[in-house]
Protein chains: 2
Amino acid sequence: LTPLRIIPVAGLPEVTAGADLAALLHAAIQRLQLRPAETDVIVVTQKVVSKSEGRVVRLEAVTAGPEARRVAEQTGFEPRHVQVILNESVRVVRVARQVLITETRHGFVCANAGVDRSNAGSRDQLVLLPIDPDASAARLRAELGRLMGVSPGVVISDSFGRAWREGQVDVAIGAAGVNCLADYRGSRDGEGYQLHGTMLATGDELASAAELVMRKLDRVPAALVQGLDVRGDGDARVLRRDPALDLFR
Amino acid sequence: LTPLRIIPVAGLPEVTAGADLAALLHAAIQRLQLRPAETDVIVVTQKVVSKSEGRVVRLEAVTAGPEARRVAEQTGFEPRHVQVILNESVRVVRVARQVLITETRHGFVCANAGVDRSNAGSRDQLVLLPIDPDASAARLRAELGRLMGVSPGVVISDSFGRAWREGQVDVAIGAAGVNCLADYRGSRDGEGYQLHGTMLATGDELASAAELVMRKLDRVPAALVQGLDVRGDGDARVLRRDPALDLFR
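Residues numbered from 1 in each chain as written. Chains lettered and ligands numbered in written order. Predicted model: local features only at pLDDT ≥ 70, side-chain atom pairs only at ≥ 80, totals over all residues. Heavy atoms only, no water.

Details of the overall build of chain A
For chain A, the helix and strand inventory stands at 6 helices and 13 strands. A globule of 249 residues ought to have a C-alpha radius of gyration of about 18 Å, and chain A, at 19 Å, matches this closely. Based on the C-alpha atoms only, the size of chain A along its principal axes is roughly 55 × 45 × 25 Å. Expressed as a percentage of contacts within chain A between residues at least 6 apart in sequence, the contacts between residues at least 24 apart total 60%. Carbon and sulfur atoms form 48% of the exposed surface of chain A, whose accessible area is close to 9,900 Å². (Helix = DSSP H or I, 4+ residues; strand = E, 2+ residues; numbered from the N terminus. Rg over C-alpha atoms; globule rule 2.2 N^0.38 Å. Contact = heavy atoms within 4.5 Å. Areas by Shrake-Rupley, 256 points an atom, 1.4 Å probe, with all protein chains shown as cover.)

Here's the deal with the packing of aromatic side chains
Residues and elements named next belong to chain A. What the rule picks out here adds up to 4 aromatic pairs over all chains. Residues Trp 164 and Phe 248 carry aromatic rings whose centres are separated by 4.8 Å and whose planes lie at 80 degrees to one another, so their mutual orientation is edge-to-face. Taken together, the residues span a long stretch of sequence, with Trp 164 in the loop between strand E9 (153-160) and strand E10 (169-176) and Phe 248 in the segment after strand E13 (222-226) at a distance of 84 residues. Relative accessible area serves as the criterion here: at 4%, Phe 248 is assigned to the buried category. (Phe/Tyr/Trp six-rings, centres within 6.5 Å; stacked < 30°, edge-to-face > 60°. Buried < 20%, exposed > 50% of the residue type's maximum accessible area, 1.4 Å probe, protein only.)

Focus: the relation of the copies chain B and chain A
Overlaying chain B with chain A gives an RMSD of 0.0 Å, the required rotation being 180 degrees about an axis along which the chain moves by 0.0 Å. Viewed as a symmetry operation, the transformation between the two copies matches a two-fold axis. Interface overlap between copies is the fraction of interface residues in one copy that are interface residues in the other; for chain B against chain A it reaches 100%, indicating a shared surface. (Least-squares fit on C-alpha atoms with pLDDT ≥ 70 in both.)

Examining the confidence of the model for chain A
Of the residues in chain A, 92% have a pLDDT of 70 or more, and the chain-wide mean is 91. Predicted complex, confidence summary: ipTM 0.95, pTM 0.95. (pLDDT = per-residue confidence, 0-100.)

Examining the environment of Arg240(A)
As for its position among the elements, Arg240(A) is in the segment after E13. Arg240(A) sits in the buried class, given a relative accessible area of 15%. For the pair Arg240(A) and Glu67(A), spaced 173 residues apart in sequence, the C-alpha separation works out to 27 Å. Ignoring anything within four residues of it in the chain, the contact list for Arg240(A) reads His106(A), Gly107(A), Phe108(A), Asp134(A), Ile173(A), Trp164(B) and Glu166(B).

Regarding the interface of chain B and chain A
The interface is formed by 78 residues belonging to chain B together with 78 residues belonging to chain A. Roughly 7,300 Å² of surface becomes buried between chain B and chain A when both sides are summed, with 57% attributable to carbon and sulfur atoms. Remark: the boundary between chain B and chain A carries 8 salt bridges. Scanning the region where chain B abuts chain A turns up 32 residue pairs in polar contact (both at pLDDT 80 or more). Looking at the side of chain B that touches chain A, the elements that each hand over two or more residues are strand E1 (4-9), helix H2 (46-52), strand E4 (89-96), strand E5 (99-104), strand E7 (116-120), strand E10 (169-176), strand E12 (199-200) and helix H6 (202-214) of chain B. The dominant element in the side of chain B that touches chain A, judged by the number of residues it contributes, is H6(B), at 9 residues. Class assignment of the residues belonging to the side of chain B that touches chain A gives a composition of 40 nonpolar, 13 polar and 25 charged. Relative to E1(B), strand E1 (residues 4-9) of chain A is paired through 3 bridges, and the arrangement is antiparallel. (Buried area = accessible area lost by both parts, 1.4 Å probe. Salt bridge = Lys/Arg side-chain N within 4 Å of Asp/Glu carboxyl O. Polar contact = N/O pair within 3.5 Å; in protein donor to acceptor, adjacent residues only side chain to side chain. Nonpolar A, V, L, I, M, F, W, Y, C, P; charged D, E, K, R; others polar. Pairing = 2+ DSSP bridges.)

Describing empty space enclosed by the protein
Under the defined criterion, the tally for this structure stands at 3 cavities of 30 Å³ or more. The volume enclosed by the largest cavity comes to roughly 240 Å³. In this structure, the largest cavity is lined by 21 residues; those nearest its centre are Arg162(A), Ala163(A), Gly161(B), Arg162(B) and Ala163(B). Of all the elements in the fold, those that place two or more residues in the lining of the largest cavity are E10 of chain A together with E10 of chain B. Split into classes, the residues belonging to the lining of the largest cavity amount to 13 nonpolar, 3 polar and 5 charged. (1 Å grid on protein atoms, 1.4 Å probe; cavity = no way out; pocket = protein on both sides within 12 Å on 5 of 7 lines; lining within 4 Å. Points joined across faces, edges and corners; volume = space filled by probe spheres on them.)

Some details on H6(B)
One turn of the α-helix equals 3.6 residues, which is why residues spaced by three or four share an orientation. Residues and elements named next belong to chain B. For H6, built from 13 residues, the straight-helix expectation of 18 Å at 1.5 Å per residue is met to within 8% by its first-to-last C-alpha distance of 18 Å. Among the 13 residues of H6, 13 are classified as buried, and the element is accordingly described as predominantly covered. Once H6 finishes, Arg 215 follows within two positions and takes phi at roughly 45 degrees, a positive value. (Expected span 1.5 Å × (residues − 1).)

Quick word on the sheet that holds E4(B)
Residues and elements named next belong to chain B. Strand order across the open sheet formed by 3 strands is E4-E5-E6, with antiparallel pairing between neighbours. Each edge of the open sheet carries a strand with a single partner, namely E4 and strand E6 (109-111). The average angle at which neighbouring strand axes cross in this sheet is 25 degrees, direction not considered. Direction of pairing for E4 relative to E5: antiparallel, over a ladder of 6 bridges. Counterpart to Ser 89 in the pairing with E5 is Thr 104. Helix H3 (residues 66-75) contacts E4 and E5 of the sheet and is inclined by roughly 30 degrees relative to E4. (Axes fitted to C-alpha atoms, helices over the stretch in contact; angles between N-to-C directions.)

A closer look at unusual backbone geometry
All names here are of chain A. Unusually for a residue other than glycine, Gln 33 sits at a positive phi of about 55 degrees. With respect to the helices, strands and loops of the structure, Gln 33 is situated in the loop between helix H1 (21-31) and strand E2 (41-45). Overall, Gln 33 belongs to the exposed group, its relative accessible area being 71%.

Focus on the pairing of strand E5 (residues 99-104) of chain A
Residue and element names in this part refer to chain A. In terms of burial, E5 is a largely internal element, 5 of the 6 residues being buried. Two successive antiparallel strands, strand E4 (residues 89-96) and E5, enclose a turn made up of 2 residues, where Gln 98 displays a positive phi of approximately 65 degrees. In the sheet, E5 pairs with strand E6 (residues 109-111) via 3 bridges, with the strands oriented antiparallel. Its bridge partner lying in E6, Ile 101 is registered against Ala 111. The turn linking E5 back onto E6 is made up of 4 residues, and Gly 107 within it adopts a positive phi angle of 105 degrees.

Digging into the pattern of salt bridges
Using the criterion set out here, one finds 30 salt bridges over all chains in the structure. Put simply, Glu205(B) and Arg215(A) hold a salt bridge, and the shortest N to O gap is 3.3 Å. Remark: Arg215(A) occurs in the loop between helix H6 (202-214) and E13 and Glu205(B) occurs in helix H6; the pair is interchain, linking two chains. Comparing Glu205(B) with Arg215(A) shows no difference in burial state: the two are buried. Bridged by salt links that share partners, the residues Asp134(A), Asp235(A), Arg237(A) and Arg240(A) form one connected network.

Following this line, the structure appears as structure tokens:
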């Protein structure tokens, strides 16, 4: 039984549109003298992936329509911010004071359609989720593979709230080369022969584990997870529940 | 920036009612030649905590009442199993074929009120959640502290399903000496000065991280997390959303 090691990948510069994220990550990994293996997983936060892909909207460039103005009234949010959230959504799931939970075009149910607002000096910008986070992860994995000579798995993480529980946890919104959903159905454990009816959301647990070394305050947009072999063909789409089977939508 | 290490604590015998769980964990930790520090966290699965506390019911000792028989019909579950789930619950949240989500007496919203069924030979037994998982964690921490001379934090974990996402992840149902909910509200990050409105569910992320080295099949009921200082007075109660603020109950 080997320990799991999660190493923060620090030292990246600010990531802007068009940045070569794979090259920046590779350089940071080299500076830290890390030697990733095929069985490792690199967890990267959504924010730097989105920024490198130019998924950024300037608030001043947005005009709020009637629905956005109505929802802004209900939530207390900025109407243009709400407009961008609605643009990213197919449906509003819950709306209340300071709460706007929607279903995104990808099928994520989360606060604000994953749209983050950040203020840098006079710039007031919104960072959107990648258009296809699994495709982003696959691209990043291929580029890292070319640069490093080995191809660890890639998970793209974002912080989501949960029903019934306080606080956010990081989950996998995109992945490549990782078996994100481990199927233990029909298996039996050693102790007491319990029959499991369980699927384990490995992708989400990797994202949560990596968050513990990244936290929000530090400029650490990635972490290298070593000591676990969760290789697979899978992407993170398997973690989105089919709306037809969902009891809480 | 230090790496996080998560070490599986293997080698415990089968845990039964009245077992001295702290002594068993201490012996396993010594055999592995681990030296826990005050800043470490020991994550222990609910199952061994419950078993050591005798929170086990023999299925044959249960009689199903009319409500249990009706819910058994709807779910396809064993009526006596349903009776035990209902005994542990204050409210049924969702019921469907193969699905029974309730709110437990503690305030957890989860499948089957956290009641696991296991079959060992002719014994058919149900393992219930601890009556007060935070108190269980505090007791375990105090006993480990006496045995080891240092008092790492303790998290008691269980696998919960989620709304909107497939697969289960481990969450913290009990804790002692750990700041389970990190408050980043009002803080600003380094990159782009994003103002966070975020609380991070550190306790749940620790449980999920530990699950990655425990998995279901191995007889590994605990893990030692090193390299992270999340000390605090907190328990895991802070992770249960106040029903009055909950939009999905």
